[in-house]
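# Structural features, examined
Residues per chain are reported as follows:
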Amino acid sequence: MLDVTYIRNNPDLVKQAMKNKGEENPQIVDEVISIDEQWRSLVEETDNLRNESNTKAKKIGELMGQGKKEEAQEIISYTTELKEQIQEKEDKLRSLKRAREDLLLKIPNVPHESVPVGQTENDNEVFKTWGDPDKEDWRKPHWELVEEQGWIDFDRGAKVTGAGFPFYVGPLARLQRALINYFLNRGAEAGYTELQVPYFVNEDSARGTGQIPDKEDMMYEIPRDEFFAIPTAEVPVTNFHRDEILEDDDLPLYYTSYTPCWRREAGSYGKDVRGLNRLHQFDKVELVKIVHPETAYDELESLRKHAESLLEELDIPYRTLLMCTGDMGFTQSKKYDLEVWSPGQQQWLEVSSCSNFGSFQARRMMIRRRKENGDTEIVHTLNGSGLALPRVVAAILEIYQQEDGSIKIPDVLQPFMGTDVITSEI
RNA sequence: GGAGAGGUGGCUGAGCGGUCGAAAGCGCUCCCCUGCUAAGGGAGUAUACCCCCAUACGGGGUAUCGAGGGUUCGAAUCCCUCCCUCUCCGCCA
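This section reports on the structure supplied with the text. It should be emphasised that the depicted structure is a prediction, and the values quoted were computed from it without experimental measurement.

Cut-offs and rules
Residues numbered from 1 in each chain as written. Chains lettered and ligands numbered in written order. Predicted model: local features only at pLDDT ≥ 70, side-chain atom pairs only at ≥ 80, totals over all residues. Heavy atoms only, no water. Near = heavy atom within 4 Å. Polar contact = N/O pair within 3.5 Å; in protein donor to acceptor, adjacent residues only side chain to side chain. Helix = DSSP H or I, 4+ residues; strand = E, 2+ residues; numbered from the N terminus. Nonpolar A, V, L, I, M, F, W, Y, C, P; charged D, E, K, R; others polar. Contact = heavy atoms within 4.5 Å. Buried < 20%, exposed > 50% of the residue type's maximum accessible area, 1.4 Å probe, protein only. Arc of directions from axis to C-beta. Pairing = 2+ DSSP bridges. Axes fitted to C-alpha atoms, helices over the stretch in contact; angles between N-to-C directions. Parallel < 35°, antiparallel > 145°, perpendicular 65-115°, else oblique. Left-handed = near helix turned anticlockwise from the far one by under 90°. Phe/Tyr/Trp six-rings, centres within 6.5 Å; stacked < 30°, edge-to-face > 60°. Lys NZ or Arg CZ within 6 Å of the ring centre and 35° of its normal.

### What to know about the protein's contact with RNA strand B
Near RNA strand B lie 21 residues; those nearest to it are Asn-51, Ala-57, Arg-368, Arg-370 and Thr-376. When atoms of RNA strand B within 4 Å of the protein are sorted by moiety, sugar and phosphate together comprise 75%. Within the side chain of Arg-370, one N or O atom sits 2.3 Å away from a phosphate oxygen of RNA strand B. Elements that contribute at least two residues to the surface near RNA strand B include exactly helix 3 (28-65), helix 4 (69-104) and strand 14 (368-370). Per-element accounting of the surface near RNA strand B gives the leading share, 12 residues, to helix 3. Looking at the surface near RNA strand B residue by residue, the class counts come to eight nonpolar, six polar and seven charged.

### Description of the side chain of Lys-15
Structurally, the position occupied by Lys-15 is in helix 2 (residues 11-20). Setting aside anything within four residues of it in sequence, one finds Lys-15 in contact with Pro-26, Val-29 and Asp-30.

### Quick word on helix 5 (residues 142-149)
Residues of helix 5 that are buried: His-142, Trp-143, Leu-145, Val-146 and Gln-149. Buried residues in helix 5, looked at end-on, bunch into an arc of 160°, giving them a common side. Set apart from the buried face of helix 5 by more than 90 degrees, the exposed residues are Glu-147 and Glu-148. Directly beyond the C-terminal end of helix 5, a positive phi value near 75° is found at Gly-150.

### Points about the pairing of strand 9 (residues 253-262)
The buried fraction of strand 9 amounts to eight of the 10 residues, a majority that puts the element mostly inside the structure. Sheet analysis places strand 4 (residues 193-194) next to strand 9, joined by two bridges and oriented parallel. Bridging from a neighbouring strand, Thr-193 pairs with Tyr-255 of strand 9.

### A word on the packing of helix 7 (residues 171-189) against helix 10 (residues 296-313)
The geometry of a pair of packed helices is captured by two quantities: the angle between their axes and the separation between those axes. At their nearest, the axes of helix 7 and helix 10 sit 11 Å apart, and the two run at 135° to each other. In this view, helix 7 runs oblique relative to helix 10, as classed from their interaxial angle. As for the relative orientation of helix 7 and helix 10, their crossing is right-handed in sense. Within the contact between the two elements, helix 7 uses Tyr-182, Phe-183, Arg-186 and Gly-187 and helix 10 uses His-306, Ser-309, Leu-310 and Glu-313. Within the contact of helix 7 with helix 10, the residues separate by chemical class into three nonpolar, three polar and two charged.

### As for the packing of aromatic side chains
Under the counting rule described, the total for this entry stands at 11 aromatic pairs. By way of ring pairs, the aromatic residues Tyr-182, Phe-183 and Phe-416 are connected into one cluster. The ring of Trp-39 has Arg-100 lying over it, and the distance from NZ or CZ to the ring centre is 4.3 Å.

This is the structure we're talking about:
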């Protein structure tokens with residue numbers, strides 16, 4: 001959510017940002033400003049009436065104390081009238097505020113000037129390519145391999161829960177655990193504090209990071225207890241500091257957290273959901289930063305580099321995309337996607353998305369910092385995956401597979417695996 | 001799940017229908033005194049929003065005493081619903 005004052009002072013800039021992001025109705029900027037104006041003038045009127053009412057109520061108290069009941073009674077009949085007027089205005093105020101809020105929630109974050117303007121994924125900029133994607137490849141897609149070897153059981157997963165909830169068996173379960181450990185350790189080395197978090201969150205938290213309104217369809221719900229299963233660790237981790245005022249000394253805050261993630265993925269079927277490409281439950285190590293507004297874009301670069309370094313250490317070819325305005329998402333001001341090369345599928349798979357949200361999330365969550373002069377200021381938040389497991393696993397299975405169907409283990413994972421190769425016999 | 005107690009400012013803790021945004025203590029900040037150490041004196045010290053002044057500073061107002069609703073001219077104080085914490089019982093990893 002953007003600051004209304006900011007919108008009021010920069011209406012054209014916000015409208016242009018909306019157009020660049022492919023939003024169709026930039027005129028809601030004008031609507032917000034108009035409603036805000038009405039709201040503000042009504043606030044003033046209402047506050048004045050309340051002031052009068054408060055003053056009179058005190059007077060009544062005084063008179064009652066002195067036993068002057070009749071005089072008090074006169075004022076009471078006046079304040080009773082006042083009360084009705086106030087109530088009327090309060091109702092109007094409430095509906096104006098809600099209308100303003102509804103519109104504000106429809107205005108996306110303003111992209112940073114370094115973000116390329118564009119409509120679709122074709123306008124994203126290839127920021128960096130690392131390693132050598134093998135375009136002509138004999139290797140099998142990971143789903144064939146894992147089924148042959150019995151490493152991932154999609155069918156039993158479907159029996160036990162449903163499609164998109166696989167079992168990882170034996171060496172594959174161990175491989176995932178190795179990756180989780182590796183990612184968490186690397187996060188710790190880079191200064192991220194590890195958090196173990198609740199896997200269900202309440203409505204306020206879902207609202208804080210922007211899953212609701214609008215995106216509630218992505219989440220599994222537990223209606224009886226009014227919880228949502230987290231679609232990413234971002235939700236509990238960022239909400240960790242909701243409604244807090246942080247000291248400047250505390251900033252920047254870096255957190256990392258491993259969690260399963262649950263996503264309904266309603267409406268996505270077809271070939272890009274094969275195997276590990278898209279699941280309803282998957283594991284992810286998430287990175288979250290809460291930072292001083294002035295350093296946010298530098299923090300985004302270091303976040304991106306950290307995520308990239310993980311892929312480099314695993315020796316997996318990847319490319320980094322700088323997302324264009326139209327493809328970056330509603331809440332982001334700048335975003336990089338990291339994609340690994342899948343030789344078995346001959347395509348790129350997204351394994352991380354590193355974003356700067358500016359003050360957009362923090363404003364909804366009221367995470368602030370204390371400035372030198374005592375004022376408060378909304379902080380900036382960032383997050384990125386470091387990394388999402390299934391597609392990294394898919395890439396490892398495809399890149400590291402050998403002709404006999406065994407999988408070499410990347411060097412950095414061997415200490416966690418206790419072996420340098422996995423075969424069906426393990 | 002059952003029974004009881006409670007949720008007040010950074011913390012401790014008063015207040016139980018009017019003059020309470022809230023005593024007192026602690027902590028913190030600034031100033032004064034004291035030539036080290038210790039101690040003493042004074043002032044300040046929640047958040048959000050609106051208005052004035054105007055971009056620093058300042059002034060005025062409104063709301064908030066777990067959350068939401070209600071009673072009342074007036075609620076931290078009374079009533080209702082919900083959330084959370086603590087104690088005992090039950091259950092359990």
